[in-house]
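Structure assessment
As a plain string of letters, each chain reads:
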Amino acid sequence: MSDTAVFRATARSWLEENCPASQRQPITPGEQYWGGRNGSFPSEDARIWFERMREQRWVVPEWPLAYGGAGLGEQEARIIKDEMRKLGCRSPLYSLGIWMLGPALLEFGSEAQKDEHLPAIAQGRARWCQGYSEPGAGSDLASLQTRAEIDGDHFVLNGSKIWTSQADRADWIFCLVRTDPAARKQEGISFLLIDMASPGITVRPIELISGASEFCQTFFDNVRVPRGNLVGPLHGGWGVAKALLKHERKLMSEIGIESATRAYGAIECAKRYLPVNATGQVADAVMRDRLARHEMQMHAIGLTQQRIIEESKARAGSGLTALVMKYCGTEEEKRRQELMVAMMGSQGLGWEGEDFSGPEIDTVRGMLGSKALSIAGGSSEIQLNIIAKRALGLPGVT
Ligand SMILES: Cc1cc2nc3c(=O)[nH]c(=O)nc-3n(C[C@H](O)[C@H](O)[C@H](O)COP(=O)(O)OP(=O)(O)OC[C@H]3O[C@@H](n4cnc5c(N)ncnc54)[C@H](O)[C@@H]3O)c2cc1C
């Protein structure tokens with residue numbers, strides 16, 4: 001057996017032995033563990049699973065040992081994720097620190113910043129949120145106006161961030177701030193790490209159409225931030241921000257793939273709600289067509305994803321394929337959710353109440369929540385602009 005095959009077999013048997021059966025079921029938002037100072041485990045099994053993975057250092061297997069990872073290579077880390085997916089293992093920790101900030105700190109952070117923040121992220125001790133968007137700066141992010149002025153050893157922050165997911169539960173926020181108002185807009189921005197317990201920060205939750213309230217507006221009123229919390233060069237935060245956005249878009253592009261591998265997908269929904277004809281096919285030709293299109297699209301997305309992985313392993317390919325994945329993955333996920341609600345017929349009108357089962361209500365709310373996927377992390381229109389310019393080489397709009 002090759003070394004890779006041995007590693008795969010060992011990883012698989014460790015996961016089989018250590019992942020409790022309940023942690024191999026499809027996960028709902030209420031069952032996710034996000035860590036942090038005030039984080040609580042949704043169940044005893046979730047605690048056991050997280051702690052075993054933390055001891056094994058497989059929460060972030062590819063991070064260096066010194067920062068709470070297992071120091072594994074890209075290929076081994078991918079094998080662990082692969083085997084987890086095949087066994088249906090839940091992610092033990094949901095974390096913007098793992099998905100976005102950690103990789104950016106590994107690239108741009110000082111040693112002191114890495115030592116302070118990476119182990120805390122890997123061990124689930126710190127929960128992070130993202131302070132990029134502002135009321136007047138979303139797609140045109142570089143127009144942000146939150147000011148940070150230098151005062152001795154500190155920055156003093158004033159302004160507000162909007163759509164800050166889970167800011168009301170986060171311990172820290174990574175933030176883009178304007179440090180040089182006179183410079184060209186991309187060149188006057190810095191990247192700061194801010195403790196959410198700092199005096200002068202106020203957080204107001206915003207309610208969403210899905211009934212959830214994962215958003216906040218975050219206000220900064222003369223908030224003092226040590227200068228040691230600056231990541232990358234002063235006024236050089238745009239480079240850090242762009243690198244981090246790449247990780248965010250990769251994550252968003254994988255959401256559709258993950259959903260497709262969940263136990264309760266479009267096929268299961270069809271089996272439960274759609275009548276079949278004498279040959280066992282879905283009787284309604286329009287639904288049959290929509291379902292087949294969706295399955296084909298998911299298959300194509302899955303294969304493209306595989307191609308991206310193979311290209312990156314072989315250090316071949318232009319890397320441009322990955323650019324289209326955020327757009328394709330999130331748009332298809334919206335179509336999947338709409339299709340499922342349509343298949344449910346009048347049961348797809350449920351919002352609450354005894355006439356509807358829990359999964360029916362979850363599906364309807366999931367469909368409404370999915371509208372956000374093609375906005376968060378850069379809207380679909382902006383993704384199309386990026387694809388047009390960077391992948392297809394089309395001229396920009398003047
Ligand atoms: C679920 C969710 C979670 C989020 N979490 C966070 C978070 O944690 N932290 C954070 O900082 N932000 C977060 N955001 C904000 C997100 O990044 C912004 O909503 C997004 O970048 C779009 O900005 P906007 O809302 O200001 O829309 P706008 O930029 O005002 O855009 C409005 C519309 O105009 C279109 N448009 C704008 N410019 C162009 C153009 N040049 N060409 C074509 N069309 C254009 C857009 O596509 C969109 O349809 C989140 C958003 C969502 C939905």
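Accessible area lost upon the coming together of the parts is a frequently used measure of interface size. Domain annotation for the protein chain reports domain 1 (3-94), domain 2 (128-236) and domain 3 (262-391). Summarising the inter-unit geometry, the C-alpha centres of domain 2 and domain 3 are found 33 Å apart. In this assembly, four residues from domain 2 lie in contact with six residues from domain 3. Buried area between domain 2 and domain 3, summed over both chains or domains, comes out near 380 Å², and the portion from carbon and sulfur atoms is 68%. Remark: the boundary between domain 2 and domain 3 carries zero salt bridges. Linking domain 2 with domain 3 are zero residue pairs in polar contact (both at pLDDT 80 or more). Classifying every residue of the side of domain 2 that touches domain 3 gives one nonpolar, three polar and no charged.

All right, on to the state of the cysteines then. Applying the stated rule across the entire model yields zero disulfides. Free of any disulfide, Cys216 has its nearest cysteine sulfur in Cys129, 7.9 Å distant.

Tallied over the full model, the rule gives twelve aromatic pairs. A centroid spacing of 3.9 Å and a plane angle of 20 degrees characterise the contact between Tyr33 and Phe41, whose relative ring orientation is stacked. Take Tyr33: its relative accessible area is 7%, and that puts it in the buried class. Assessed through its relative accessible area of 27%, Phe41 is described here as partly exposed. Between Trp163 and Phe215, the aromatic rings sit 5.2 Å apart at their centres with planes inclined by 50 degrees, giving tilted as the arrangement. Here Phe215 lies in strand E7 (residues 215-226) and Trp163 lies in the loop between strand E3 (154-161) and strand E4 (172-178), a separation of 52 residues in the sequence. Under the relative-accessibility criterion, Phe215 is labelled buried at 17%. Put simply, the rings of Trp128, Tyr132, Trp172, Phe174 and Phe191 pair up and form one aromatic cluster. The aromatic ring of Trp351 is capped on one face by Arg365, whose charged end is 3.8 Å from the ring centroid.

What follows is about the packing of helix H1 (residues 3-18) against helix H2 (residues 44-56). Helix-helix packing is characterised by the crossing angle of the two axes and by the distance between the axes. Running from amino to carboxyl end, H1 crosses H2 at an angle of 150 degrees, the nearest separation of the two axes being 11 Å. Taken together, H1 and H2 sit at an angle that is classed as roughly antiparallel. The crossing of H1 and H2 is right-handed. Residues Trp14, Leu15, Glu17 and Asn18 of H1 touch H2, and the partners they reach there are Trp49, Arg52, Met53 and Gln56. Looking at the contact of H1 with H2 residue by residue, the classes come out as four nonpolar, two polar and two charged.

The next subject is the nonpolar core. Generally speaking, soluble globular proteins have nonpolar side chains that are buried together. By size, the foremost hydrophobic cluster in this structure holds 53 residues, and its most contacted members are Trp58, Leu101, Tyr132, Phe174, Phe191 and Leu193. Residue assignment for this core shows that the elements contributing at least two residues are H1, H2, helix H3 (74-87), helix H4 (96-108), helix H5 (111-122), E4, strand E5 (189-195) and helix H6 (237-261). It is H4 that contributes the most residues to this core, six residues altogether. Each of two domains, domain 1 (3-94) and domain 2 (128-236), supplies a minimum of three residues to this core. In terms of nonpolar packing, the next biggest core, distinct from the first, is built from 18 residues, Ala167, Ala170, Ile194 and Cys216 among them.

Turning our attention to the site of the ligand. Residues in close proximity to the ligand total 19 residues, the closest being Ser133, Ser139, Trp163, Ser379 and Glu381. Take Gln130: an N or O atom from its main chain is 2.7 Å from a nitrogen atom of the ligand. Between the ligand and the protein, one listed contact pairs a nitrogen atom with a side-chain N or O atom of Ser165 at 2.8 Å. Protein contact buries 65% of the 980 Å² of open area that the ligand shows by itself. Broken down by secondary-structure element, the contributors of at least two residues to the shell around the ligand are strand E1 (128-131) and helix H11 (380-391). No other element matches the three residues that H11 contributes to the shell around the ligand. Tallied by class, residues from the shell around the ligand come to seven nonpolar, ten polar and two charged. Here the shell around the ligand spans two domains, since at least three of its residues come from each of domain 2 (128-236) and domain 3 (262-391).

Cut-off values and rules
- Residues numbered from 1 in each chain as written.
- Predicted model: local features only at pLDDT ≥ 70, side-chain atom pairs only at ≥ 80, totals over all residues.
- Heavy atoms only, no water.
- Domains from an automatic or database assignment.
- Contact = heavy atoms within 4.5 Å.
- Buried area = accessible area lost by both parts, 1.4 Å probe.
- Salt bridge = Lys/Arg side-chain N within 4 Å of Asp/Glu carboxyl O.
- Polar contact = N/O pair within 3.5 Å; in protein donor to acceptor, adjacent residues only side chain to side chain.
- Nonpolar A, V, L, I, M, F, W, Y, C, P; charged D, E, K, R; others polar.
- Disulfide = S-S within 2.5 Å.
- Phe/Tyr/Trp six-rings, centres within 6.5 Å; stacked < 30°, edge-to-face > 60°.
- Buried < 20%, exposed > 50% of the residue type's maximum accessible area, 1.4 Å probe, protein only.
- Helix = DSSP H or I, 4+ residues; strand = E, 2+ residues; numbered from the N terminus.
- Lys NZ or Arg CZ within 6 Å of the ring centre and 35° of its normal.
- Axes fitted to C-alpha atoms, helices over the stretch in contact; angles between N-to-C directions.
- Parallel < 35°, antiparallel > 145°, perpendicular 65-115°, else oblique.
- Left-handed = near helix turned anticlockwise from the far one by under 90°.
- Core = buried A, V, L, I, M, F, W, Y, C linked by side-chain atoms within 4.5 Å.
- Near = heavy atom within 4 Å.
- Areas by Shrake-Rupley, 256 points an atom, 1.4 Å probe, with all protein chains shown as cover.

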